[in-house]
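Geometric and topological summary
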Amino acid sequence: MTMDSNSMTMPMPDPNPWATAMNNLGMPPIGITGQQLMPDFDPSLGMMAGITPLNPMMAGLGMVPTQLSQDFPVMKEIIHCKSCTLFPPNPNLPPPATRDRPPGCKTVFVGGLPENSTEQLIVEVFGQCGEITAIRKSKKNFCHIRFAEEFTVDKALFLSGYRIRLGSSTDKKDTGRLHVDFAQARDDLYEWECHQRMMAREERHRRKIEDDLLRPPSPPPIVHYSEHECSQLGDKIKDDGKFSEAVHVLLTWLERGEVNRRNANNFYSMIQASNGHIRRLTGEKSQHEKEVEEAKEKFKIALAGIVGQFEQIVSVFQAASKQKAWDHFSKAQRKNLDMWRKQAEEIRNMHNEQLMGIRREEEMEMSDDDMEDSPDSKDSEDSGVSQAEALKEENDSLRCQLDAYRNEVELLKQEQGKNQPMFSSEEDNTHSQQLSFLHQALQGMQKQLLKMREELKEREGELEKSLEDKQQLNNQVQNLKEGLQNLQNTPALETSTQDDRGSEDSANQTSEATVSTVVSCSQEKEAPTEKNPLSPVHSEREALLVGIISTFLHVHPFGASIEYICSYLQRLDTKINTGEVEALLSRLPCTFRQELTGVGASLEKRWNFCGFQGIKST
């Protein structure tokens, strides 16, 4: 494309501003045809004929890019308007400084305007940034522009640093350098505060809706007392599924003070029906306790199996750590085997302690049960007699209550027959309801009486059985005493002849079965036991220690150190010391045996339980 040079012969007073603008854009100061700019060159003709100059503020192009990168600065271009031209600043200069942006800022300060600028010129330049709502122009070279939206302020700040020139004039009054900055206006702050308050209201409303959705529904209101509601509530109380809800309503009525002299019998019947659920709840509790015991037993069996498997794993590691197999492993393999063995032993010990804790709890429960159950048969008989007497007393009290209810029913019937024309229909209804409640109470009392009689018969049968068992035991004890006296009289007859001695021996052989059954009883009751001065166990406390240590070492088949044993015993009694335990173990060589385990620095003394082997040697 070529253009005639005659089209560029329009007069231009000063070509230097145009040359400076071209230099700022990084372009040589030459014309479109390639020759040097003439002194009379007009920059407005520096475009091809018939093509409108590109304006970065045109709609669709956008003066500010959508995403500004910090690494690549935005290249500003020349902006042509109808009555003025905007030249970009030097890109090597730092960006113009601005103040902090006020909240909700829609107003900008524009300084450096030409002296001959008008409000129409300001609208022409900044109207392309966005809709302008107000312009406050000063007599000096600045003004305040308020936009309709906040984001248009960023577009207006893009023009900060541009040099403006009116037309082609180079007069000082027609040029200026724009400085655009944020301005703090009360209208902007007021609108921003109103918007914030509106957002806060919306947020509170949203949270209230969420809270209402998450809030549990309110319980239904409790109805007030009436005869109809009372009759329905009496049926609900007898129903196991609706018992909880019905009792809540009954409790509310009682707390409100709905009870009076007329409806006292109704309330008494409902309370009595509530009391009838105690036996059902007790049965459910016992059933749940039974299920818990079964679950505990299953857990105990499973835990014992797990502990047994841990013992097998530990025995595998111990077999691998023997010299016969240990020498064939590498150093890294030995290290891993040693680490795995320690971990397995720690887990094994932890599970052993848990299993011992379960067994200890069972032993404590058994001991509590033994303490509660008296060993003497007299206590059991006394308890049976006391229970039978309590049942009889309760039976008598129930009979008295039943008689009282019958008397009340008869009185009500008599009053109803005498005063029937005097009372109103409401009173008749109350009497009929009272009669129905009393009939229901009578039926319940009769059922309870039948149950109590059956229980009384069962208890009396058990008492008779216990008396028969006691008589049999007394006969057996008498027979045993007579056999024991016969045995004591036999040594006096041994001084006779050899033939008599043989006959006595045959008689003794016939009574050996009886003697074997009463040895323990005769030793406890008749013959005083003689203390063995050479016994290694000197007191009952040491006997208890021997039993506990035997149980502990029986669970640890590979033995345990004296410190480990003492740490376990000190949980039961803090006064136990190591020397006492070691001396006690040393006095029982047939029950406990000390062995040395390990090699070199890992040498350790361990005590093992050998009672099963020691009983054969003793």
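Residues numbered from 1 in each chain as written. Predicted model: local features only at pLDDT ≥ 70, side-chain atom pairs only at ≥ 80, totals over all residues. Heavy atoms only, no water.

1. Overview of the nonpolar core
Val-110, Phe-126 and Ile-145 are the most contacted members of the largest nonpolar core, which has 28 residues in total. At the level of secondary structure, the elements contributing two or more residues to this core comprise strand E2 (84-87), strand E3 (107-111), helix H2 (119-126), strand E5 (142-147), helix H3 (152-157), strand E6 (163-166) and strand E8 (179-182). Here this core gets four residues from one element, more than from any other, and that element is H2. Excluding residues within four positions of it along the chain, Phe-126 makes contact with Val-110, Ile-132, Ile-145, Phe-147, Ala-156, Leu-159, Leu-178 and Val-180. (Core = buried A, V, L, I, M, F, W, Y, C linked by side-chain atoms within 4.5 Å. Buried < 20%, exposed > 50% of the residue type's maximum accessible area, 1.4 Å probe, protein only. Helix = DSSP H or I, 4+ residues; strand = E, 2+ residues; numbered from the N terminus. Contact = heavy atoms within 4.5 Å.)

2. A short note on a negative patch on the surface
On the surface, a cluster of negative charge is made up of Glu-394, Glu-454, Glu-455, Glu-458 and Glu-462. Counting residues per element, the negative patch draws most heavily on helix H12 (residues 425-489), which supplies four residues. Positionally, Glu-454 belongs in helix H12. (Patch = residues over 30% accessible without salt bridge, like charges linked within 9 Å, V, L, I, M, F, W, Y side chains within 5 Å. Areas by Shrake-Rupley, 256 points an atom, 1.4 Å probe, with all protein chains shown as cover. Salt bridge = Lys/Arg side-chain N within 4 Å of Asp/Glu carboxyl O. Lys, Arg positive; Asp, Glu negative; His and termini not counted. Charge placed at Lys NZ, Arg CZ, Asp CG, Glu CD.)

3. Some details on the packing of helix H5 (residues 227-238) against helix H7 (residues 264-275)
Axis separation between H5 and H7 bottoms out at 9 Å; the angle between their running directions is 15 degrees. Of the possible angle classes, the one that applies to H5 and H7 is roughly parallel. Here the hand of the crossing between H5 and H7 comes out left-handed. Side by side, H5 and H7 meet where Glu-227, Cys-230, Leu-233, Gly-234 and Ile-237 of the first sit next to Asn-266, Met-270, Ala-273 and Ser-274 of the second. Split into classes, the residues belonging to the contact of H5 with H7 amount to five nonpolar, three polar and one charged. (Axes fitted to C-alpha atoms, helices over the stretch in contact; angles between N-to-C directions. Parallel < 35°, antiparallel > 145°, perpendicular 65-115°, else oblique. Left-handed = near helix turned anticlockwise from the far one by under 90°. Nonpolar A, V, L, I, M, F, W, Y, C, P; charged D, E, K, R; others polar.)

4. Section: empty space enclosed by the protein
All told, the structure shown has three cavities of 30 Å³ or more when counted by the stated rule. Of the volumes computed, that of the largest cavity is approximately 70 Å³. Lining the largest cavity are Asn-349, Asn-352, Glu-353, Met-356, Arg-360, Phe-552, His-556, Tyr-564, Ser-567, Tyr-568 and Arg-571. Only helix H10 (331-372) and helix H16 (562-572) provide two or more residues apiece to the lining of the largest cavity. (1 Å grid on protein atoms, 1.4 Å probe; cavity = no way out; pocket = protein on both sides within 12 Å on 5 of 7 lines; lining within 4 Å. Points joined across faces, edges and corners; volume = space filled by probe spheres on them.)

5. Points about the pairing of strand E4 (residues 132-137)
In the sheet, E4 pairs with E5 via five bridges, with the strands oriented antiparallel. When the bridges of E5 are listed, Arg-136 appears paired with His-144. Between E4 and E5, which follow one another and run antiparallel, lie four residues. (Pairing = 2+ DSSP bridges.)

6. Remarks on the sheet that holds E6
Strand order in the open sheet formed by four strands is E1-E2-E6-E7, with antiparallel pairing between adjacent strands. Strands with a single pairing partner mark the edges of an open sheet, and in this sheet they are strand E1 (79-80) and strand E7 (175-177). Two elements, E2 and E6, share four bridges in a ladder whose sense is antiparallel. The residue of E6 that forms the bridge with Phe-87 is Arg-163.

7. Here we look at the pattern of salt bridges
Counted under the stated rule, the structure contains 20 salt bridges. Taking the shortest distance from any N to any O, the salt bridge between Glu-289 and Lys-285 comes out at 2.5 Å. Here the residue Glu-289 and the residue Lys-285 both occupy positions in helix H8 (residues 278-320), the gap between them amounting to four residues, near one helical turn. Taking the relative accessible area as the measure of exposure, Glu-289 reaches 41% and is therefore partly exposed. Residue class for Lys-285 comes out exposed when judged on its relative accessible area of 52%. Where Arg-341 meets Glu-345, a salt bridge forms, and the shortest distance between an N and an O atom there is 3.3 Å. Placement of the pair is Arg-341 and Glu-345 together in helix H10, with a separation of four residues, close to one helical turn.

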